[in-house]
Amino acid sequence: MHFYNETPNLIYTSQPSYDMAKVPNKYKNITTGRDDVYWKMLPELSKFRVQYLDYFQLTHTCYFDNCTSDGGHRSRFVNRWKAQLLLNTLCDYIV
């Protein structure tokens, strides 16, 4: 049995997308390439029927200047957007 099948009540989430133009120089070397994890994991998750929240695409498509101040951490309105997605998923899951 696979891990995904053993944990049917978990909700998996993706990592956020990083705005590399805003990541401070001292962190760019450890942040570069993190998007690869998302692109490699997505096909694996699609093989299993799991609850999955795609925060990567949600944060990747946010082009306002105030979406992030440092390339990774999100502003309040983006985090509220993520929380609403989670609440919608939980409500659908419970019903």
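Please refer to the structure placed before this passage.
Before going into details, it helps to say that this report is about the structure given with it. (Residues numbered from 1 in each chain as written. Predicted model: local features only at pLDDT ≥ 70, side-chain atom pairs only at ≥ 80, totals over all residues. Heavy atoms only, no water.)

1. Digging into the packing of aromatic side chains
With the rule as written, the count across this model stands at four aromatic pairs. Look at Tyr38 and Trp39: their rings are 4.8 Å apart centre to centre, the planes differ by 80 degrees, and that puts the pair in the edge-to-face class. Here the aromatic rings of Phe64 and Phe77 are separated by 6.1 Å at their centres, their planes lie at 70 degrees, and the arrangement is edge-to-face. Here Phe64, found in the loop between helix H4 (55-60) and helix H5 (76-94), pairs with Phe77, found in helix H5; they are 13 residues apart in sequence, far enough to count as distant. Exposure remark for Phe77: the relative accessible area of 33% places this residue in the partly exposed category. Here a set of aromatic residues connected by ring pairs shows up, and it is made of Tyr38, Trp39 and Phe56. When the ring centre of Tyr55 is taken as reference, the NZ or CZ atom of Lys82 above it lies at 5.3 Å. (Phe/Tyr/Trp six-rings, centres within 6.5 Å; stacked < 30°, edge-to-face > 60°. Helix = DSSP H or I, 4+ residues; strand = E, 2+ residues; numbered from the N terminus. Buried < 20%, exposed > 50% of the residue type's maximum accessible area, 1.4 Å probe, protein only. Lys NZ or Arg CZ within 6 Å of the ring centre and 35° of its normal.)

2. Regarding the state of the cysteines
Working definition: the covalent bond between the sulfur atoms of two cysteines is a disulfide. One pass over the structure, following the stated rule, counts one disulfide. Residue pairing for Cys62: its cysteine sulfur links by disulfide to Cys67, the two sulfurs lying 1.8 Å apart. In this structure the cystine formed by Cys62 and Cys67 twists about its S-S bond by roughly -65 degrees; its chirality is therefore left-handed. In terms of burial, Cys62 and Cys67 fall into one category: buried. (Disulfide = S-S within 2.5 Å.)

3. Describing the side chain of Thr89
By the secondary structure assignment, Thr89 is in helix H5. Since its relative accessible area comes to 11%, Thr89 is described here as buried. Other than its neighbours up to four places away in sequence, Thr89 contacts Ile11, Gln51 and Leu53. (Contact = heavy atoms within 4.5 Å.)

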